[in-house]
Amino acid sequence: MAADFNHIDVQYDGEIATITLNRPNAHNALNAEMVSEACRAFDATDADDGIKAVIVTGAGEKAFSAGADLSSGAEIFQERRAPGPVNDAAQQNDVSLDLGGVLTLRIFESVKPVIAAINGVAVGLGATLTLPMDCRIASTSARFGFVFCRRGIVPDGASSWFLPRLVGVPAALDLIFTGRLIDVSEAEGLGLVSEIAAPADLMEKARARAQSYIESSSPVSVSMSRRLVWDMLAASHPAQAHLAESRALTSRSRSMDVVEGVNSFLEKRRAEFTDKPSEHLPELSFRTDR
């Protein structure tokens, strides 16, 4: 699969896929082709039942991603629009959806858990693309910057939805208004980063975290739980979560995985789950806007 890509690299290591933003000479800045390739990579990992978790990192030692590729000047903010209009709302308002949001929403919809291994500077879209990932592990050399107002634009990548939910509204607005760079210690204090690692240990820690997510858990249950937690961030009342969880529990209670989960517990052995996301993930939406 890696041979199909020019700006990213994809490697499989057992049940874990690693997607690497691979433009180190441009500090892994994102252009339209890289975004398209990354979306295709997530399509592939979703479709492959042998892959149970995904890690995203950047090539080189200096940058995870410097954000949108500014080498063409201000025109990038027109060029990075996705072909649109994409949906009824966009069509009615004559809006083409920004390319950053196309990528972050694709990550948001991932069937598999996604871990960011942030190896260096992450600014602009390079920072916002990590927000829909389930865990952010950062190198001690990492820096984060939501620099949009300093470029005369506004946040992209649906970060006005993601960032306040991760760090709170006052902190999100401070990061956006000032556009200042923050180090990993401050990012960890804000809840933006889950774990800090020495540069040499970053990928090992990311793989260990991925393994901990998948080694003892049903892949279908993990996928459904991921969807529940993210989707319920938009719920207006806990009763909506109660209903969504009840629907999910009803679906899972009829599965072979629940039989194996209970039997393995009673027999004091490790569970061997056989349900596959490609075959057994139900057509359930927990979104409150549908």
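In the block above lies the structure referred to throughout.
In this report, the structure presented in the accompanying data block is examined. (Residues numbered from 1 in each chain as written. Predicted model: local features only at pLDDT ≥ 70, side-chain atom pairs only at ≥ 80, totals over all residues. Heavy atoms only, no water.)

**Here's the deal with the pattern of salt bridges**
A pair can form between side chains of opposite charge whenever their charged atoms are brought close.
Then, in step 1: Inspection of every chain in the model, using the stated rule, returns 14 salt bridges.
Then, in step 2: Here Glu15 makes a salt bridge to Lys52, at a shortest N to O gap of 3.0 Å. Taken together, the positions of Glu15 in the loop between strand E1 (8–13) and strand E2 (16–21) and Lys52 in the loop between helix H1 (32–47) and strand E3 (53–58) put the pair 37 residues apart, joining distant regions of the chain.
Then, in step 3: A single network of salt bridges, built from pairs that share partners, joins Asp43, Asp46 and Arg106. (Salt bridge = Lys/Arg side-chain N within 4 Å of Asp/Glu carboxyl O. Helix = DSSP H or I, 4+ residues; strand = E, 2+ residues; numbered from the N terminus.)

**Digging into the sheet that holds strand E10 (residues 195–197)**
Then, in step 1: On the basis of which strands lie adjacent, the open sheet formed by 6 strands has the order E1-E2-E3-E5-E7-E10 and mixed pairing. Edge strands, defined here as strands with exactly one partner in the open sheet, are E1 and E10. Taking each pair of neighbouring strands and ignoring which way they run, the sheet shows an average axis angle of 20°. (Pairing = 2+ DSSP bridges. Axes fitted to C-alpha atoms, helices over the stretch in contact; angles between N-to-C directions.)

**Structural notes on the environment of Ser246**
Then, in step 1: Take Ser246: it is sitting in helix H11 (residues 238–253).
Then, in step 2: The class of Ser246 is partly exposed, set by a relative accessible area of 29%.
Then, in step 3: Looking at Ser246, its side chain comes within polar contact range of the main-chain oxygen of His242, at 2.7 Å. (Buried < 20%, exposed > 50% of the residue type's maximum accessible area, 1.4 Å probe, protein only. Polar contact = N/O pair within 3.5 Å; in protein donor to acceptor, adjacent residues only side chain to side chain.)

**A short note on the pairing of E2**
Then, in step 1: Burial of E2 is extensive: 6 of the 6 residues sit out of reach of the surface.
Then, in step 2: Neither face of E2 is exposed, since Ile16, Thr18 and Thr20 on one face and Ala17, Ile19 and Leu21 on the opposite face are all buried.
Then, in step 3: Strand direction decides the pairing type here: E1 and E2, joined by 6 bridges, are antiparallel. Following the sheet pairing, Gln11 is matched in E2 by Thr18.
Then, in step 4: Where E1 hands over to E2, the hairpin turn is made up of 2 residues, of which Gly14 adopts a positive phi near 65°.
Then, in step 5: The pairing of E2 with E3 spans 6 bridges and is parallel. Its bridge partner lying in E3, Leu21 is registered against Gly58.
Then, in step 6: Between E2 and its parallel partner E3, the chain crosses via H1, and the hand of that crossover is right-handed. (Right-handed = clockwise from strand over helix to strand, strands pointing away.)

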